[in-house]
Structure formats: structure tokens, C-alpha cells
Amino acid sequence: MMRTVESAQSAQRALLRMVERLRGQGIRDEKVLDAMVRVPRQRFVEPGLAFSAYDDTPLPIGYQQTISQPFVVARMIEVLRSGRELGRTLEVGAGCGYQAAVLSFLATEVYAVERIRPLLDRARENLRPFRLANLRLKCADGSLGLPEAAPYDTIIVAAAAREVPLPLKEQLAPGGRMMIPLGAQAEQQLILVERHGNQYKESRFEAVRFVPLLSGIE
Ligand code: SAH
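Conventions adopted
Positions within a chain are numbered from 1, following the residues in the order the chain's sequence is written. It should be noted that, the model being predicted, local features are given only for residues of pLDDT at least 70 and side-chain atom pairs only at 80 or more, the latter also being counted only at that level, while totals for whole chains, interfaces and linings use all residues. Side-chain figures throughout are based on the complete set of non-hydrogen atoms in the structure, without hydrogens or water. Runs of H or I in DSSP of at least four residues are treated as helices and runs of E of at least two as strands, each being numbered from the N terminus. Here the globule rule is a power law, 2.2 Å times the number of residues to the power 0.38, and the radius of gyration is based on C-alpha atoms. Between buried and exposed lies partly exposed: a residue is buried under 20% and exposed over 50% of the maximum accessible area for its type, with that area taken using a 1.4 Å probe on protein chains only. Contacts between residues were defined by any pair of non-hydrogen atoms, one from each residue, lying within 4.5 Å. Every accessible area reported is derived by Shrake-Rupley at a probe size of 1.4 Å, with residue values counting cover from the shown protein chains alone. Only a single heavy atom is needed: when it lies within 4 Å of a molecule or strand, its residue is near that molecule or strand. Distance and chemistry together define a polar contact, namely a pair of N or O atoms within 3.5 Å, with one atom able to donate a hydrogen and the other to accept it when in protein, and with adjacent residues in sequence counting only for side-chain atoms on both sides. Residue type decides the class: Asp, Glu, Lys and Arg count as charged, Ala, Val, Leu, Ile, Met, Phe, Trp, Tyr, Cys and Pro as nonpolar, and the leftover types, Gly among them, as polar. Take a side-chain nitrogen of Lys or Arg and a carboxyl oxygen of Asp or Glu: if they are within 4 Å of each other, that pair is a salt bridge. Note that the arc is computed from the directions linking the helix axis to the C-beta atoms. Expected span, for any helix, means 1.5 Å times one less than how many residues it has. When two rings of Phe, Tyr or Trp (its six-membered ring) have centres within 6.5 Å they constitute a pair, described as stacked for plane angles under 30 degrees, edge-to-face for angles over 60, and tilted for the intermediate range. Every axis corresponds to a line fitted to the C-alpha atoms, with the helix fit spanning only the stretch in contact, and the corresponding angles, defined between N-to-C directions, vary from 0 to 180 degrees. For classification, angles of less than 35 degrees are called roughly parallel, those exceeding 145 degrees roughly antiparallel, those between 65 and 115 degrees roughly perpendicular, and all remaining angles oblique. Note on convention: near helix rotated counterclockwise from far helix by under a right angle means a left-handed crossing. Clockwise means right-handed.

Trainee: Summarise the overall build of the chain; cite the residues concerned and give the values.
Mentor: Tallying secondary structure elements over the chain gives 6 helices and 9 strands in all. In terms of overall dimensions, the chain is globule-like: its C-alpha atoms have a radius of gyration of 17 Å, near the 17 Å expected for 218 residues. The dimensions of the chain, computed from C-alpha atoms along their principal axes, are 60 × 35 × 35 Å. Taken over 218 residues, the chain has a buried fraction of 54%. A separation threshold of at least 6 residues defines the contact pool for the chain, and within that pool the share at least 24 residues apart is 55%. Of the accessible surface of the chain, which amounts to about 10,600 Å², a share of 51% is contributed by carbon and sulfur atoms.

Trainee: Go over the site of the ligand, please, and point to the residues and values.
Mentor: Contacts to the ligand come from 25 residues, most closely from Ser68, Gln99, Glu114, Gly142 and Leu214. Taking Gln99, its main chain carries an N or O atom lying 2.8 Å from an oxygen atom of the ligand. Contacts to the ligand include Arg115, whose backbone N or O atom sits 3.3 Å from a nitrogen atom. In isolation the ligand offers 580 Å² of accessible surface; the protein chains occlude 99% of this area. When residues of the shell around the ligand are traced back to their parent elements, those giving at least two are β2 (65-67), α4 (98-104) and β4 (109-114). Counting residues per element, the shell around the ligand draws most heavily on β2, at 3 residues. Across the shell around the ligand, the residue classes tally to 13 nonpolar, 8 polar and 4 charged.

Trainee: So, the pattern of salt bridges: which residues are in play, and what are the values?
Mentor: If charged atoms from side chains of opposite charge come close, those side chains can pair. Inspection of every chain in the model, using the stated rule, returns 13 salt bridges. Across the pair Arg177 and Glu194 runs a salt bridge, and its minimum N-O distance is 3.6 Å. Of this pair, Arg177 sits in strand β7 (residues 172-182) while Glu194 sits in strand β8 (residues 188-196), and the two are 17 residues apart along the sequence. Each member of the pair Arg177 and Glu194 is classed as buried. Several salt bridges converge on common partners, so that one network encompasses Glu20, Arg23 and Glu30.

Trainee: Can you break down helix α2 (residues 30-37) residue by residue, with the values?
Mentor: Three- or four-residue spacings in an α-helix give side chains the same orientation, since the helix completes a turn every 3.6 residues. Restricting attention to buried positions, one finds in α2 the residues Val32, Leu33, Ala35 and Met36. Projection of α2 onto a plane perpendicular to its axis shows the buried side chains occupying an angular sector of 160°, all on one side. You can read the cap of α2 off the contacts: a side-chain oxygen lies 3.0 Å from the backbone nitrogen of Lys31, and it is on Asp29.

Trainee: A description of helix α3 (residues 70-81) should follow, citing residues and the corresponding values.
Mentor: Taking 1.5 Å of rise per residue, 12 residues should cover 16 Å, and α3 covers 16 Å from first to last C-alpha, within 8% of that figure. Listed in full, the buried residues belonging to α3 are Pro70, Phe71, Val72, Val73, Ala74, Arg75, Met76, Ile77, Glu78, Val79, Leu80 and Arg81. Among the residues trailing α3, Gly83 stands out with phi positive, at a value near 75°.

Trainee: Which residues make up the packing of aromatic side chains, and what values go with them?
Mentor: Applying the stated criterion across every chain, the model contains 3 aromatic pairs. Seen from their ring centres, Phe44 and Tyr98 are 5.7 Å apart, and the 70° between their planes marks the pair as edge-to-face. Placement of the pair is Phe44 in the loop between α2 and β1 (59-62) and Tyr98 in helix α4, with a sequence separation of 54 residues. By the burial criterion, Phe44 is buried, and Tyr98 matches it.

Trainee: Can you lay out the environment of Gln199 for me, pointing to particular residues and giving the numbers?
Mentor: Summarising the element assignment, Gln199 is placed in strand β9 (residues 199-208). Taking the C-alpha atoms as reference points, Gln199 and Pro174, 25 residues apart in sequence, are found 9.4 Å from one another.

Trainee: Please provide a residue-by-residue account of the packing of α2 against α3, values included.
Mentor: Relative orientation and spacing of two packed helices are given, respectively, by the angle between their axes and the distance between those axes. Where α2 meets α3, the closest approach of the two axes is 9 Å, and the angle between their N-to-C directions is 140°. When the interaxial angle is binned, α2 and α3 end up oblique. The chirality of how α2 crosses α3 is right-handed. Taking contact as the criterion, the partners of Lys31, Val32 and Met36 in α2 are, on α3, Pro70, Val73, Ala74, Ile77, Glu78 and Arg81. When the residues that make up the contact of α2 with α3 are grouped by side-chain class, the tally is 6 nonpolar, no polar and 3 charged.

In C-alpha cells:
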């Protein structure tokens, strides 16, 4: 019992240190930092990796996939939120559900899709204790978007594409924003796509490293 309390306290300290580090790395949006304090990343990694849960690195989650790096999660959401609220949000590539949980504290509704069914099942398990009423998870090929709940004010893609999938552009609401890593495995960059009417403006951000956006479901 004592041990459990102690390890819960040290996990909480590690989480707070992670968030302070994000602040030091330049994340300024307090609401993003708050949301990250509310989502213990440790709950989304395998027990054997708990000791690295608060390091600023991607970690394996099985099926050759990874949980995203905290800085990149924070940065993408900060850019998407800059000067506005997230509104109705689509996440492509839910993985183990970590970023979906962070988003659900900031968006009105979150639709998170994942193409690997067993991974989505794990995300559901991980997310259950959070009781996030505004989050829906679905097994789907997110390169096609999720037409049934479109349009989205915000789209966040957690896997790298060679170009922006057209369905995702079309499913952005007027004034909507999307963050997506673009490029080949070794040289990806975060791209912000903003929709104004039927015009799309693209701006470039940090170099990143994501798993590839694949098609079909498994
Ligand atoms: N958002 C996750 C990151 C998971 S890694 C987190 O919070 O840590 C990216 C995920 O994208 C992988 O699980 C991969 O299976 C998924 N993915 C890749 N292509 C996809 C597609 N076309 N549709 C849905 N998910 C996809």
C-alpha cells in the first residue's frame, strides 16, 4: 500500500517535470499544458516502460507503432489552438489513445480513428477510466477522413503522409485547420493547412519523425 502511494507520487512528480520541460521548450499555451497534466502518459505505455513514460521520446506501443513524443503533441495542439478553440476535432491515428485524451480536454468533440483494430481496443481500455464523454473512437482508414461526422474545425494527423489526403482537406470546415506531418520517413516536417473558403494555405513547422500513414484497416 505504502509502495503504491509512493510510486503514484513519484509518477505525479515525473508528470509535472515533463510539463515543466515542455514549458522550457517553448510551449506557451497554458490550456495545453493543463490538459497534459491531466493525462498521465504512464497509463498509455506498457508497464515495463513506465520508467520512461515521461521522457520526451516516442515509445513503442506494439504493432510497430509508437506513442507520440510529448513535445510534438503539445506543439501540434498549440499551433492548432493559436487564437481560436479546437471545436469539433478529428484525430487520425489514435494509437494507444494518449493524444485523444489530451484533445478531449480541449475540444468540444473528438473523433479519433485508428486503422489497427487491436490497438484501438487497447486505446479503449486505456481511456475508459478517464470517462471522456466527448470522445468517440472508431476503427477506420483515416486517410479517407471520417465523413459521417464531417466537417471538422480541427484535424490532427499522427502519421506521416507524402501529400495531404484530399478527403481530409474536403472535410475541413471553413476556417478550419489541420496539422499533418509530410514527407518521407527520414525528412518529415509538420505542416499547418488552413482552409479559407475553397483556398488552402500551407505553412511549415518543425522537422519531426512519425510512423507512416497507411491505407486500409487491419
Ligand atoms: N496519437 C497517437 C500516436 C500513434 S502513432 C498517440 O497519442 O500516441 C500513429 C498511429 O497512426 C498508429 O497507431 C498507426 O496505426 C495509425 N495510422 C497509420 N495510418 C493510419 C490511417 N490511414 N488511418 C488511421 N490510423 C492510421
